[in-house]
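So the chains spell out like this:
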Amino acid sequence: MSRYLASRAVQTVATLALMSLVVYLLIGLMPGDPIDLMIAGDPHMTSEDAARLRAVYDLDKPLLDRYLTWASRALQGNFGYSRSYNLPVLTVLWPRLLNTFVLAGLAFVLAIAIALPLGIAAAERPRSTADYLINLLCFAGISTPPFWLALLLITLFAVSLGWLPAGGMADVRAGTPWWTALGERLRHLAMPMATLTLVQLGAYTRFVRGAMIEVLRQDYVRTARAKGVPERGVLWRHAFANALAPVLTILALSFGGLFSGALITETMFAWPGMGKAIYQAILENDYNLALVGLLIATLATLLGNLLADLAYAWVDPRVSLAEKP
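1. Here we look at helix α6 (residues 129–143)
Given a rise of 1.5 Å per residue, 15 residues ought to cover 21 Å, and the 21 Å separating the end C-alpha atoms of α6 matches this to within 8%. Along α6, the residues that are buried comprise Asp131, Ile134, Asn135, Cys138 and Gly141. Projection of α6 onto a plane perpendicular to its axis shows the buried side chains occupying an angular sector of 125°, all on one side. Among the exposed residues of α6, those pointing more than 90 degrees away from its buried face are Thr129, Tyr132, Leu133, Leu136, Leu137 and Ser143.

Right, dumping it as C-alpha cells:
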C-alpha cells in the first residue's frame, strides 16, 4: 500500500507539473496581455510606462523563461499575485474554493443519495412502468441545459413565489444567531444546489441502472437466488457491491470536474466559486489566477481518481493495492 501511494504521489506531481506548463503556454499564447488591458483602460499611459510595467511583470521575457521563473517561485510557495484583485492568488482562491466545495459537494452527495436507490429500483424490474418513468426523468435531466433550469427555478421560486433569493451569498452580520445565519445561507444555497443536483442526477442514475442490470445477469446472482437468498440480500450483498466498481470511476471523474465545471450554475446564481473565478481570470488575462485555479481543478480530479482506486479495494476483495512479492 505504501509503495502504491508513493507511486501515485509521484504521478500526481508529474501530472501537475506538465499541466502547469501546458496551461501557462496556452494562456501566454492568447492575444494581448494584461498591459494591453491597462493601456486600453488608461489613455494617459505612455509607451515608456507600458514597457516598464512589462519589465515588472516579466512580460518582456520569452514565454518559457517566464514559466521557469513562475515554477521556481511556486516551489517556494509563492504562486504570484492576481492582477485583477491585487492580492496573492491563494488569498483570492481560498474562499472561492470553499464556496465551490460546499455547493458542489452537497449537490454531489445529494445526487448520489438519490441516484443509487433510483438506479437499483429501475434495474430490479427492467422495462417495467417504474423503469420507464425513471428513464424518462433521467433523459429529461440529461437533456435540460443548466442555464435554462436555473432560469426556471429563479422565475418560480424567486420571482413568482418569492420564497428564495435569486442569487448571491448570505451576508450574515456579526452577532447574528447561528441558526438564523445557517437558515439564511441554506436559502441562498438551495437553488444552485438543486440545479447542480438535477443536472447530475440523470447521468448517475443511468450509470447505476446499467451496472446493476449487467451484474444481475451473472451466474453467481442466479445461484444466490436459487439458494433462497431474499431478493433484498441479492440486490445489496451480491449485486450492488460488484456494480459499484464501474460507477465509482464515473463519480470520481465528475467530482473533480465540479470544481471548475460549475461555471454556468455559479454565474446564473452569482455564486462566487472556482468556476466563475477561472473564467473571469482567463477573460482578463490574469495568468496567475487562471493557472493556479486550473491546477487546483486538476488536483481535485487526481484526488478523486485516487479515492476511487482505494474504494475499489474496499468494495471488491479481489482488488489489492499491496505490492507484490
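2. Observations concerning a nonpolar patch on the surface
Together, Phe147, Trp148, Leu151, Leu152 and Ile264 make up a nonpolar patch on the protein surface, roughly 470 Å² of accessible area in all. The element best represented in the nonpolar patch is helix α7 (residues 146–160), accounting for four residues. Mapping Trp148 onto the fold places it in helix α7. The exposure class of Trp148 is partly exposed, given its relative accessible area of 46%.

3. Looking at the side chain of Thr205
Among the structural elements, Thr205 can be located in helix α8 (residues 178–216). When its relative accessible area of 2% is taken as the criterion, Thr205 is described as buried. Look past the residues within four positions of Thr205 in its chain and what remains in contact with it is Ala115, Leu118, Gly119, Ile134 and Cys138.

4. Quick look at the packing of helix α5 (residues 89–124) against helix α12 (residues 274–283)
In contact at an axis separation of 8 Å, α5 and α12 are set at 135° when each is read in the N-to-C sense. Considering the angle they form, α5 stands oblique to α12. Between α5 and α12, the residues in contact are Leu93, Arg96, Leu97 and Thr100 and Met274, Gly275 and Ala277, respectively. Each residue belonging to the contact of α5 with α12 can be placed in one class, and the counts come to four nonpolar, two polar and one charged.

5. Describing the packing of helix α1 (residues 2–28) against helix α4 (residues 63–75)
Between α1 and α4, the shortest axis-to-axis distance is 10 Å and the interhelical angle comes to 135°. By the angle between their axes, α1 is oblique relative to α4. For the element pair α1 and α4, the recorded crossing hand is right-handed. Contacts between α1 and α4 pair Ala17, Ser20, Leu21, Tyr24, Leu25 and Gly28 from the former with Leu63, Leu64, Arg66, Tyr67 and Trp70 from the latter. Split by residue class, the contact of α1 with α4 holds eight nonpolar, two polar and one charged.

6. Things to note about the nonpolar core
Formed by 31 residues in total, the largest nonpolar core has its most connected members in Phe108, Ile120, Tyr204, Met212, Leu216 and Leu251. Contributing elements (two or more residues each) for this core: α5, α8, α9 (219–226), α10 (231–261) and α13 (287–315). At eleven residues, α10 tops the list of elements feeding residues into this core. Met212 has contacts with Ile120, Ala123, Leu235, Ala239, Phe240 and Ala243, leaving out every residue within four places of it along the chain. Of all hydrophobic cores here, the second largest spans 22 residues; its members include Trp70, Leu97, Leu289 and Ala290.

Reading the values: rules and limits
Residues numbered from 1 in each chain as written. Predicted model: local features only at pLDDT ≥ 70, side-chain atom pairs only at ≥ 80, totals over all residues. Heavy atoms only, no water. Helix = DSSP H or I, 4+ residues; strand = E, 2+ residues; numbered from the N terminus. Expected span 1.5 Å × (residues − 1). Buried < 20%, exposed > 50% of the residue type's maximum accessible area, 1.4 Å probe, protein only. Arc of directions from axis to C-beta. Patch = residues over 30% accessible without salt bridge, like charges linked within 9 Å, V, L, I, M, F, W, Y side chains within 5 Å. Areas by Shrake-Rupley, 256 points an atom, 1.4 Å probe, with all protein chains shown as cover. Salt bridge = Lys/Arg side-chain N within 4 Å of Asp/Glu carboxyl O. Contact = heavy atoms within 4.5 Å. Axes fitted to C-alpha atoms, helices over the stretch in contact; angles between N-to-C directions. Parallel < 35°, antiparallel > 145°, perpendicular 65-115°, else oblique. Nonpolar A, V, L, I, M, F, W, Y, C, P; charged D, E, K, R; others polar. Left-handed = near helix turned anticlockwise from the far one by under 90°. Core = buried A, V, L, I, M, F, W, Y, C linked by side-chain atoms within 4.5 Å.

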